[in-house]
Amino acid sequence: MFGVPGGGTSLDMIDAARHQDIRMVLTAREDAAVIMAGVAGVLGEAPGLAFSTKGPGLASAANGIASAALDRMPVLLMAETFVPGETDYVSHQVFDQTALATPLLDAAGGGVIEASADAVEAWLALGPRPARIPAVMFPTSAALREPADTAIVSAREHESEAPSAASAQAAAQLASEARRPVVIIGLEATRTGLEAPIRDLVARLNAPALTTYMASGMIPHDHPNNAGTFTGGAIEQACVGEADLIITIGLDPVELIRKPWTYDAPILDLCEIIREPHYFSPLLRLAGSLPDTISELLAGLARFPVRSDWIEESIGAHRARFRDRLKIENAEGLSPSAVVDIAAEAFGGRPRLAVDAGAHMFSACAYWPAAGARDVLISNGLASMGFAIPAAIAAALHDPKRGAVAMSGDGGAMMCLGELQTAARAGANACFIIFNDGRLSLIDIKREERQMPDLGLNWQAPDFAAAARGFGLTAWTAESAEEMRHACAEAAAATGPQLIDARVGSGGYFDQMKALRG
Ligand SMILES: Cc1ncc(C[n+]2csc(CCOP(=O)(O)OP(=O)(O)O)c2C)c(N)n1
């Protein structure tokens, strides 16, 4: 349970948590608390719990609530409220809390639920997987004492059960007849029980498989079927453009960049929830439990000869091309892609990776050797800065042995710097790598693209190592590949919270973004 309390019901909840052996992590900010609870929920495959005070606490949680909705994280935020009648005379800290929270939750079909045990039970039972839908609740002392009537948000998502045998048969036939099937895997598919069947499916189809950022690891980094990342941009067009059938598995359109769909090939869409609006209309859609759909499809494929004529070398060539084109050789200093390579080698695939929004994300997602579901944690539905550091803390607390690495720009790190103190206090086994270029690079390169003059989106690179030491972390500064190697070797050999202030050059980001997105 993560949060910043007020003086009302949150104190009762913290006290109650003590008696239930629920660990309470006090955070610096409420938005970070909701992100941490969401990541704990994603990794535990059960809802995470966050708390805040009313008024400023809830307002400060807003970005976390939006992230929970758009990044599809299961979380319940319990925020304080006013007792009935209080607002007849109080205006201090007062605004319509339900009106603030409701539209933020709307994107996931979530909402504000009554503060009652029944309502929580009903919420837990929502959706195809328990409580994937984020919610906010405003418990009062009275509600904590006596449960109110049940009132529950209705799931607006269209869900269905297992696909019919006939449609699974039709899908298997379609997939088996394709000469150039290409598989795209998205966030709905990212859970542990689905890794093996999805890998079986792509191997059986002998198809290149691309993953979205959030699905990184579903096909391991060096797996023979891995063909790189799919974002809806330019770099993957060489591979997906060859398809005569595109098979999407759990692809949630919330993850794709704002560019129209460019492919004419027919689409077989396997999903759990039909999201609107979408980028494409599939030729055939199987909407229902993905484990059931995949196993039906595998069984169906056993009855048809698979016609795919992809060969391992051509899939490998797409994978190599993807990584070559994103390499940054002209960084004018320590290269961001080299930082990821060096960290990946030093940490040897042990920790999970949490990535922030910004130009550094391109290298982080391309070169981190993800090997399983949720090995990479990223806000790609909301695409919010200030995500990676809290996400890494939650991942490290979830699984201290694996621990976590966060990769963040300096802008994103400054948005949640106080959480370094949270990491120190909680003893999180996390290494925070800051791509410190003194610049809001992703926005500044878009400014360059628009040929606008310098708009002042840069600053003197802060000394993050000094700040981190001030919070009680071990820290290094790296200005060269050599220093980065040294810092990563020491960090990988140690446990507990650490920070590496990597003084990267941002000179290569523009070309990298053009290669990736066009
Ligand atoms: C909370 C939030 N504010 C603003 C943005 C818009 N935005 C996206 S990337 C970016 C720049 C990030 O800069 P930095 O963290 O230094 O990373 P870099 O791009 O330099 O790698 C901004 C301002 C955002 N995604 N989230």
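Higher on the page you've got the structure.
Just so you know, these numbers come straight off a predicted model, no measurement behind them. (Residues numbered from 1 in each chain as written. Predicted model: local features only at pLDDT ≥ 70, side-chain atom pairs only at ≥ 80, totals over all residues. Heavy atoms only, no water.)

A. Local environment of the sheet that holds strand β11 (residues 245-249). Taken in spatial order, the six strands make up an open sheet running β10-β9-β8-β11-β12-β14, and their pairing is parallel. Every other strand in the sheet has two partners, leaving β10 (226-229) and β14 (284-287) as the edge strands with one partner each. Neighbour-to-neighbour, the strand axes of this sheet turn through a mean angle of 15°, independent of strand direction. With three bridges joining them, strand β8 (residues 181-185) and strand β9 (residues 209-211) adopt parallel strand pairing. What sits directly across from Val183, in β9, is Ala209. Strands β11, β12 (267-271) and β14 of the sheet are contacted by helix α7 (residues 165-177), whose axis makes an angle of about 130° with β14. (Pairing = 2+ DSSP bridges. Helix = DSSP H or I, 4+ residues; strand = E, 2+ residues; numbered from the N terminus. Axes fitted to C-alpha atoms, helices over the stretch in contact; angles between N-to-C directions. Contact = heavy atoms within 4.5 Å.)

B. Quick peek at the pairing of strand β3 (residues 48-52). β3 sits mainly inside the fold: four of its five residues count as buried. In terms of strand pairing, strand β1 (residues 2-4) meets β3 through three bridges, oriented parallel. Bridge pairing links Gly3 to Phe51 in β3. Summarising the sheet, β3 and strand β4 (residues 75-79) pair through five bridges and their orientation is parallel. Note on β4: the bridge partner recorded for Ser52 is Ala79. Note that the unit made of β3, helix α3 (residues 56-70) and β4 has a crossover that is right-handed. (Buried < 20%, exposed > 50% of the residue type's maximum accessible area, 1.4 Å probe, protein only. Right-handed = clockwise from strand over helix to strand, strands pointing away.)

C. Structural detail: unusual backbone geometry. Put simply, Glu276 and Pro277 share a cis peptide bond, and its omega is -5°. Along the polypeptide, Pro277 turns up in the loop between β13 (273-274) and β14. Positive phi values are uncommon outside glycine, yet Asp21 reaches one of about 60°. If you trace the backbone, Asp21 turns up in the loop between α1 (9-19) and β2 (25-26).

D. Expanded view of the sheet that holds strand β5 (residues 111-113). Strand order in the open sheet formed by six strands is β2-β1-β3-β4-β6-β5, with parallel pairing between adjacent strands. Each having just a single partner strand, β2 and β5 make up the two edges of the open sheet. For β5 and strand β6 (residues 135-137), the ladder comprises three bridges, and the chain directions are parallel. Bridge pairing in β6 links Gly111 to Ala135. Seen against the sheet, helix α4 (residues 97-106) touches β5 and β6 and runs at an angle of roughly 125° to β5.

E. Structural context of α3. Over its 15 residues, α3 runs 22 Å from end to end, which matches the ideal 21 Å to within 8%, given 1.5 Å per residue. The largest bend along α3 reaches roughly 45° and is located at Ala62. Taken across its 15 residues, α3 has eleven buried, putting it largely inside the fold. Buried within α3 are the following residues: Gly57, Leu58, Ser60, Ala61, Ala62, Gly64, Ile65, Ala66, Ser67, Ala68 and Ala69. Residues of α3 that are buried make contact with α2 (30-44), β3, β4, α4 and β6. (Expected span 1.5 Å × (residues − 1). Bend = angle between axes of the 7 residues up to and from the residue.)

F. Fine view of the site of the ligand. The ligand sits among 18 residues. The nearest are Ala359, His360, Ala383, Gly411 and Gly412. At 2.9 Å from an oxygen atom of the ligand is found a main-chain nitrogen or oxygen belonging to Gly411. Contact with the protein chains covers 80% of the free accessible surface of the ligand, which is 580 Å². Listed by contribution, the elements that provide at least two residues to the shell around the ligand are α15 (410-415) and α17 (441-449). Split by residue class, the shell around the ligand holds eight nonpolar, seven polar and three charged. (Near = heavy atom within 4 Å. Polar contact = N/O pair within 3.5 Å; in protein donor to acceptor, adjacent residues only side chain to side chain. Areas by Shrake-Rupley, 256 points an atom, 1.4 Å probe, with all protein chains shown as cover. Nonpolar A, V, L, I, M, F, W, Y, C, P; charged D, E, K, R; others polar.)

G. Focus on the packing of aromatic side chains. Across all of its chains, the model carries four aromatic pairs by this definition. Ring plane angle 80° and centroid distance 5.3 Å describe the contact between Trp261 and Tyr263, whose orientation is recorded as edge-to-face. For the residue pair Trp261 and Tyr263, the accessibility class agrees, reading buried in each case. Judged by relative accessible area, which is 17%, Trp261 ranks as buried. Aromatic rings pair up to connect Phe230, Trp261, Tyr263 and Phe280 into one cluster. Lys54 extends its terminal NZ or CZ atom over the ring of Phe82, reaching a point 5.2 Å from the ring centre. (Phe/Tyr/Trp six-rings, centres within 6.5 Å; stacked < 30°, edge-to-face > 60°. Lys NZ or Arg CZ within 6 Å of the ring centre and 35° of its normal.)

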